[in-house]
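In case you want the letters, here they are:
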Amino acid sequence: MANYKIFVTSYQLKNAFDKLFDDLMEDKTREMEPAEAVFTPLLTHQKQALSWMTSRENSNDLPPFWEEKNGLYFNVLTNFAVKERPEKVLGGILADDMGLGKTLTTIALIVSNFHNGKPLPLEQCEGSSMPSATRKKAALKEKSGDPEESGEPVGSSPLKRLHANSATADTIDEDAPQKKAKTTKKTAKKSANTKKGVVLLDDVDFAAALECTSSQAVPAKKSAKKSSGTGKGPSGAGGGSGARATLILCPLSVLSNWLDQFEQHIRADVTLKVYLYYGPERSRSVGLLSGQDVVLTTYNVLSSDFGNKASSPLHKVNWLRVVLDEGHVIRNPSALQSKAVLGLQSERRWILSGTPIQNSLKDLYMLLSFLKLKPFDVKEWWNRIIQRPVTMGDRFGLKNLQALVKGITLRRTKNSKVAGRALVQLPERRVFVQHVTLSEEEREEYEQVKREGRDIVGRYFQEGTVMTNYADVLAILVRLRQCCCHPSLVGKYTVAGDLGTPGELRERLINKITLVLNSGSDEECAICLDSLRQPVITYCAHVYCRPCICEVIRSEKEQAKCPLCRAQIKTKELVEYPGEEVEARSATGENWQSSSKVDALMSNLLKLRNEDPTVKSLVVSQFTRFLDVIELPLREYGFSFTRLDGSMNQKTRAKAIQDFQDSSPGSPTIMLLSLKAGGVGLNLTAASHVFLMDPAWNPAAEDQCVDRCHRLGQSRDVVITKFIVKDSVEENMVKIQKKKQELVEKAFGGKNTQNLKQARIDEIRTLMEI
DNA sequence: CAAAATTGGCGGG
DNA sequence: GGGTCAATGCCTA
């Protein structure tokens, strides 16, 4: 139960990246107005970003650190000279904090800087949609907030009005495309034709595509006219090269956000051709793709095209611009998706990421590599000039790194100031750590699991094979962490040590018997020829009633053979069917038992509801099965809740979010959230309390999660409660988190492989208390 | 021909 | 190993 709380003031983890920027903010303050086609007025810092990005794209200069000398090109960092002019780096890293409008700024860039600072030629469709545009304008004026990437308009979303007639629950709804979840593609399309808005139409197409029913060219504003716009044809050459289209890559979870934002921020009477490259029906025509203004897809789709098919259409297009949203996902150079990204052809390249460096300096390597910043796209140079010096604590190394980053990166945080005023104003946010004490039984079970784990890991230590058996070690740690949450999470049938090979074998057998028994057909025992009672499966994978087969073994003694295949069998090798017991435990409330952590959560929730029944909370865990467990007491106490995890498709997600964000009475007050589901980009501002049920390895993940409600549009102070079990792995995890954070801040996570290994082994020592 | 289940890559370290 | 996301084979309608 809960016993004491520690107040931790509103801290924010200072990202190591900021260190680089401490005194580097210099003349990136020039502003630029976006093209007329951008509907939403840009905030000051967004105009600054637009100006900076445009100048990066149009620059004719040599890339950073190159100088021309006597017809040779000389790099001031490497002291090497080459004959050929190094490729220009047109682009960079936009590393603004989340919530500052990276999406809007990028949209503005796409529309405003086609070639030579000229706007993208777009066709106008006169008349028709003016009213909606005016309405939008009015709506936006009322609100003072930031027209930001997640579609913040708080009370008066323009989209809300446009959609009011089609949305089923026509209440508040910030996140636009998701709301027609209920209208099927066909019916909605009809209604779109009859009257209202073009805007609705692409939403529908989007939904359809996500449901894998269809995907087709989706001009953002579907006017029938073929383009011929202000000059150049659709595939037509802008200044010199034929490239026109911008490719945007992003995680699935923010795909809808992008479409949404295009709609919100582009004037309704302008046609921007946006194609969603997603779903099994996506067009693989290179011509079609390169004729778009924007092609939107996910990293997964790209890499799956890249890996499977001999021909990946995306790799055949000459892009004008490639944008990596949440670009840090490509930080692992050996991952297929990273290679896929490097293989793209483009004139300009951008990385958007609030946290470009997640763990170590190494993360930067891939980013520079993508940008083709010579010579640092070559691993050896990178190591020699940057990585090694910096991790060795070389002052010049750090200086070079700073200069390097400065030249290609723009970063502002929520605390940055523009002309002495904060960029954005957010409500307070406070973090509490609530320590939980295990009950006696829980403690007993925990110690049991821990002893077993320690035995195994201890053996690895003696043999010096910790690293080779790292997977096992992790598994043990996971079990311990599960113990801290709820006993039923702990896998029962992998009690290690028991047998040599059998872990796997057992698993397979259990799978098989489960399959047989759940197949629906009433299987019968080959001995009694009746339906199975107390079914067991032999090592040779045949199923009998336990009494029947035991009788056979008893009578035949050591010679006992399987009646079906004559394999040797023993009583000890019979594997029981676990299914019923497990299902009984989790499915029905019958045998359900609580846990200390669940109790702690429930008492918080009940207290909260007493104080203010309208308060909404996020309940976050890394284990979806823990969320399953929590559902029961929630129901029991009459809480109305929704749920969001990675197994849900886009449609059900949208519904869950919409329900939760709805503020009408009777709407759900709790959302069960899987830590990584959706990752970034979600708007859960209806919640003002966050319960983090178990500590994450990566504090940044927790931070991101919290930021889903602590962002623009949040009107209340946000309270975060972290549950930590006393005297357990969880406390040790927190210790390690802290130590890591210090390391990162100090030396940029400098670790070479040797130290890294040792550090991990030490970590395991700490975790297992060996 | 569409929904559920399985398989595989990835990142967590 | 847990979880997520895409593709694939499978089954029912």
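As the structure is a prediction and not an experimental result, all values here were calculated from the model.

(A) Structural view of the packing of helix α12 (residues 362–371) against helix α13 (residues 379–391). Two elements in contact, α12 and α13, have axes whose closest approach is 11 Å; the angle formed by their N-to-C orientations is 130°. Between α12 and α13, the angle falls in the class oblique. The handedness of the crossing between α12 and α13 comes out as right-handed. Where α12 abuts α13, its residues Lys362, Leu364, Tyr365 and Leu368 lie against Lys379, Trp382 and Gln387. In terms of residue class, the contact of α12 with α13 is built from four nonpolar, one polar and two charged.

(B) Local environment of the sheet that holds strand β2 (residues 66–69). Strands sit in the order β2-β3-β4 across an open sheet of three strands; the sheet is antiparallel. Only two strands of the sheet have a single partner each, and these edge strands are β2 and β4 (80–82). Across the sheet, the axes of successive neighbouring strands diverge by a mean angle of 30°, strand direction being ignored. Across four bridges, β2 lies against strand β3 (residues 72–75) in antiparallel orientation. Within the sheet, the bridge partner assigned to lysine 69 lies in β3 and is leucine 72.

(C) Quick peek at the protein's contact with DNA strand B. Residues in contact with DNA strand B amount to 13 residues; listed here are only the nearest, Arg331, Leu336, Tyr470, Trp697 and Asn698. Within 4 Å of the protein, the contacting atoms of DNA strand B are drawn from sugar and phosphate to the extent of 70%. Between DNA strand B and tryptophan 697 there is a distance of 3.5 Å, counted from a phosphate oxygen to a backbone nitrogen or oxygen. Within the residue set of the surface near DNA strand B, elements represented by two or more residues are α11 (336–342), α16 (470–485) and α25 (753–768). The residue makeup of the surface near DNA strand B, split by class, is six nonpolar, three polar and four charged.

(D) The arrangement of the sheet that holds strand β20 (residues 575–576) in detail. The strand order β19-β18-β20 describes an open sheet built from three strands, whose pairing is antiparallel. Among the strands making up the open sheet, the edge pair consists of β19 (543–545) and β20. Two strands pair when backbone bridges link them, and strand β18 (residues 535–537) and β19 are joined in this way by three bridges, in the antiparallel orientation. The residue bridging proline 535 from the neighbouring strand is cysteine 545, located in β19. Running over the sheet, helix α18 (residues 546–556) touches β18, β19 and β20 and is turned about 95° from β19.

(E) Structural view of the environment of glutamine 658. Mapping glutamine 658 onto the fold places it in helix α22 (residues 650–661). Sequence separation between glutamine 658 and asparagine 683 is 25 residues, and the spatial gap between their C-alpha atoms is 9.8 Å.

(F) Seen up close, the environment of isoleucine 553. Looking at where isoleucine 553 falls in the secondary structure, it is placed in helix α18. With 15 residues separating them in the primary sequence, isoleucine 553 and glutamine 568 have C-alpha atoms 9.7 Å apart. The contacts of isoleucine 553, once residues within four sequence positions are left out, are Ala560, Ile569, Lys570, Thr571 and Leu574.

(G) Layout of the protein's contact with DNA strand C. Taken together, the neighbourhood of DNA strand C is formed by 18 residues, with Tyr278, Phe623, Thr624, Arg653 and Ser674 sitting nearest. Put simply, 94% of the atoms of DNA strand C that lie within 4 Å of the protein are in sugar or phosphate. Between DNA strand C and tyrosine 278 there is a distance of 2.7 Å, counted from a phosphate oxygen to a side-chain nitrogen or oxygen. When residues in the surface near DNA strand C are grouped by element, the largest group, three residues, is from helix α10 (residues 299–308). Looking at the surface near DNA strand C residue by residue, the class counts come to seven nonpolar, seven polar and four charged.

(H) Representation of the pairing of strand β12 (residues 319–325) in the model. Here β12 lies mainly inside the structure; seven of its seven residues are buried. Note that strand β8 (residues 246–250) and β12 share four bridges and pair parallel. Looking across to β12, one finds that isoleucine 248 is bridged to valine 323. Pairing of β12 with strand β13 (residues 346–352), which is carried by six bridges, proceeds in the parallel orientation. The residue of β13 that forms the bridge with valine 323 is tryptophan 350. Each parallel crossover has a hand, and for β12 linked through α11 to β13 it is right-handed.

(I) Fine view of α12. Burial runs high along α12: nine of the 10 residues are buried. If you check which residues of α12 are buried, you get Asp363, Leu364, Tyr365, Met366, Leu367, Leu368, Ser369, Phe370 and Leu371. Looking at the buried residues of α12, the elements they touch are β5 (91–94), β12, α11, β13, α13 and α14 (395–408). Phi turns positive, to about 60°, at lysine 372, one or two residues after α12.

The rules behind these values
- Residues numbered from 1 in each chain as written.
- Chains lettered and ligands numbered in written order.
- Predicted model: local features only at pLDDT ≥ 70, side-chain atom pairs only at ≥ 80, totals over all residues.
- Heavy atoms only, no water.
- Axes fitted to C-alpha atoms, helices over the stretch in contact; angles between N-to-C directions.
- Helix = DSSP H or I, 4+ residues; strand = E, 2+ residues; numbered from the N terminus.
- Parallel < 35°, antiparallel > 145°, perpendicular 65-115°, else oblique.
- Left-handed = near helix turned anticlockwise from the far one by under 90°.
- Contact = heavy atoms within 4.5 Å.
- Nonpolar A, V, L, I, M, F, W, Y, C, P; charged D, E, K, R; others polar.
- Pairing = 2+ DSSP bridges.
- Near = heavy atom within 4 Å.
- Polar contact = N/O pair within 3.5 Å; in protein donor to acceptor, adjacent residues only side chain to side chain.
- Buried < 20%, exposed > 50% of the residue type's maximum accessible area, 1.4 Å probe, protein only.
- Right-handed = clockwise from strand over helix to strand, strands pointing away.

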